[in-house]
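Residue-level structural notes
Given next are the chains, with one letter for each unit.
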Amino acid sequence: SLDDPRVRVVVADAREALDAAGPAHAILSDLTFPGTPDDCELLTRDWFARLGARLHPGGVLAINAVSPDRTPSAYWSAYQSLRAAGLVA
């Protein structure tokens, strides 16, 4: 699937890469657990709204950021932030 000419893989700081990115049918965001307050920026309503604005209608945003088993409060916070950004979680 990665050889498909429609696929563009970007491995970079998401905050920098998003500004250069065009519209997308899918955004896959594999984040590590936030270790600093700056890292939490990638789990906010504003950030999710920026990602959602890059999606084509019907596009998909998939995130892997926190564990519902290990950090249920962080999980539900991310869920509520997605919803507040107008995305369906």
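To keep things clear, this report deals only with the structure shown in the data block. Since the model is a prediction, treat every value here as computed from it, not as a measurement.

Criteria and thresholds
Residues numbered from 1 in each chain as written. Predicted model: local features only at pLDDT ≥ 70, side-chain atom pairs only at ≥ 80, totals over all residues. Heavy atoms only, no water. Salt bridge = Lys/Arg side-chain N within 4 Å of Asp/Glu carboxyl O. Buried < 20%, exposed > 50% of the residue type's maximum accessible area, 1.4 Å probe, protein only. 1 Å grid on protein atoms, 1.4 Å probe; cavity = no way out; pocket = protein on both sides within 12 Å on 5 of 7 lines; lining within 4 Å. Points joined across faces, edges and corners; volume = space filled by probe spheres on them. Helix = DSSP H or I, 4+ residues; strand = E, 2+ residues; numbered from the N terminus. Nonpolar A, V, L, I, M, F, W, Y, C, P; charged D, E, K, R; others polar. Phe/Tyr/Trp six-rings, centres within 6.5 Å; stacked < 30°, edge-to-face > 60°.

1. A closer look at the pattern of salt bridges
Applying the stated rule across the entire model yields five salt bridges. Where R6 meets D4, a salt bridge forms, and the shortest distance between an N and an O atom there is 2.6 Å. Close ionic contact of D13 with R15 constitutes a salt bridge, the shortest N to O distance being 3.2 Å. By relative accessible area, D13 is classed as partly exposed at 29%. Among the residues examined, R15 registers a relative accessible area of 22% and is labelled partly exposed.

2. Notes on the layout of surface pockets
One number sums up the size of the largest pocket: a volume of about 1,100 Å³. As for the largest pocket, its lining consists of 34 residues, and the residues nearest its centre are R8, V10, A26, I27 and L28. The set of elements that each furnish at least two residues to the lining of the largest pocket consists of α1 (14–20), β1 (24–30) and α2 (45–54). Here the lining of the largest pocket takes seven residues from β1, the largest share from any one element. Tallied by class, the residues present in the lining of the largest pocket amount to 22 nonpolar, five polar and seven charged. Contributing to the lining of the second largest pocket are 15 residues, with L61, I63, Y79, L82 and A89 lying nearest its centre. Listing elements by their share of the lining of the second largest pocket, those giving two or more residues are β2 (55–64) and α3 (72–84).

3. Re the packing of aromatic side chains
Applying the stated criterion to the full structure yields two aromatic pairs. Where Y75 meets W76, the ring centres are 5.1 Å apart and the plane angle is 90°; that geometry is what we call edge-to-face. On the accessibility criterion, Y75 (30% relative accessible area) is partly exposed. Seen from their ring centres, W76 and Y79 are 5.2 Å apart, and the 80° between their planes marks the pair as edge-to-face. Taken together, the positions of W76 and Y79, both in helix α3 and three residues apart, correspond to about one turn of that helix. Looking at Y79, the relative accessible area reads 24%, which means it is partly exposed. Taken together, Y75, W76 and Y79 form an aromatic cluster joined through their ring pairs.

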